[in-house]
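Structural characterization, general
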Amino acid sequence: MPNNGRITLCPYYRDEKNLSISCEDIFRRYRWLAQKKRHMDKYCDKDWSKCPYAKGLNKLYESYVEGEIMGNKIKELSHKNVELEKELRKTSSMLGRSNKREAEKDKQIAELRKKNRYLEDKYMEMRDQLRSAEEKEQVISTEVQYWMSFYNGILCYLIDNIGGTLDRAVVEEWLSSHEYKLTADTEEVIDEFGEKQPKIIRYKAEVREIADRPEGPASEDEGAGGEEAGGAGCEVEGKDIEAEEVQE
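Here the structure is a predicted model, which means the values were calculated and not measured.

Glancing now at the packing of aromatic side chains. Following the criterion strictly, the structure yields four aromatic pairs and no others. A centroid spacing of 6.1 Å and a plane angle of 80° characterise the contact between Tyr 12 and Trp 48, whose relative ring orientation is edge-to-face. Of this pair, Tyr 12 sits in the segment before strand S1 (13–17) while Trp 48 sits in the loop between helix H1 (33–44) and helix H2 (52–95), and the two are 36 residues apart along the sequence. A relative accessible area of 25% means that Trp 48 is categorised as partly exposed. Ring geometry for Tyr 146 against Phe 150: centres 5.9 Å apart, planes inclined by 15°, an arrangement best described as stacked. Taken together, the residues span about one helical turn, with Tyr 146 and Phe 150 both in helix H3 (residues 99–160) at a distance of four residues. For the pair shown, Tyr 146 and Phe 150 are each scored as buried. The structure contains a cluster of three or more aromatic residues connected by ring pairs, namely Tyr 12, Trp 48 and Tyr 61. One Lys or Arg, Arg 28, reaches over the ring of Tyr 53 and ends 3.5 Å from the middle of that ring.

Of the two faces of strand S2 (residues 20–23), the one carrying Ser 20 and Ser 22 and the one carrying Ile 21 and Cys 23 are both buried. The pairing of S1 with S2 spans four bridges and is antiparallel. Bridged to Tyr 13 within S2 is Cys 23. In textbook terms, the turn of a hairpin is the stretch between consecutive antiparallel strands, and for S1 and S2 this stretch comprises two residues. Where S2 meets strand S3 (residues 27–29), three bridges bridge the pair, whose relative direction is antiparallel. Along S3, the bridge assignment pairs Ser 22 with Phe 27. Where S2 folds back on S3, the antiparallel hairpin that results is connected by three residues.

Listing the buried residues of helix H4 (residues 168–176) in full gives Val 171, Trp 174, Leu 175 and Ser 176. Between a side-chain oxygen at the N-terminus of H4 and the backbone nitrogen of Ala 169 the separation is 2.8 Å; the capping residue is Asp 167.

Within the element layout of this structure, Lys 46 appears in the loop between H1 and H2. For the pair formed by Lys 46 and Leu 9, sequence separation is 37 residues and the distance between their alpha carbons is 6.5 Å.

Rules used throughout
Residues numbered from 1 in each chain as written. Predicted model: local features only at pLDDT ≥ 70, side-chain atom pairs only at ≥ 80, totals over all residues. Heavy atoms only, no water. Phe/Tyr/Trp six-rings, centres within 6.5 Å; stacked < 30°, edge-to-face > 60°. Helix = DSSP H or I, 4+ residues; strand = E, 2+ residues; numbered from the N terminus. Buried < 20%, exposed > 50% of the residue type's maximum accessible area, 1.4 Å probe, protein only. Lys NZ or Arg CZ within 6 Å of the ring centre and 35° of its normal. Pairing = 2+ DSSP bridges. Polar contact = N/O pair within 3.5 Å; in protein donor to acceptor, adjacent residues only side chain to side chain.

Set out below in structure tokens:
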């Protein structure tokens, strides 16, 4: 990890800059420095295993490990099957000398065929599980790219609606004199895996001007600052932001 004066515990953490954190899978940018610091204090430097991004990576790596274990079991079972087939040929040669041995040979053959069918079924099941893990990995990657593009689009939309530029000094002055909170209206939809997922249909900004507020950025204890809704923080005074297709 970089020498930035922090003791970062998360194994997926790679680097950080003013308003961004680089994880193992992706580069994440925050709207406010306080948001990034709050995330790092809570997850990167402390309880990283509860971080939503780390949880996703843990599940992904667990699926890889499970797939490797399944592959080793298949190889082991295939090797045992070869040994059993060799034993079967040897047994068949010995049992061919008498009807009594023939009956015993048929019984053993039936048992071996049953085991072989079982191994084939397990192989097909494990193969399907591996394919499913690969498909879910692709879905996660696509979803991450989508959210990055979507929230970047929201920021551009807001800036375009106030004249095409956003002066930082004006924003900081506004932040120091207002309390604000971003919320979202959602509805449940069924995703491609048949599971219910929340779909954001509208963003709402609640803004209140603060009287006699001391200079400087709002503290977390005072309740100011953009609360995250769906993973991003932004504010609009007196406006609702209609979301497009948020949930795939």
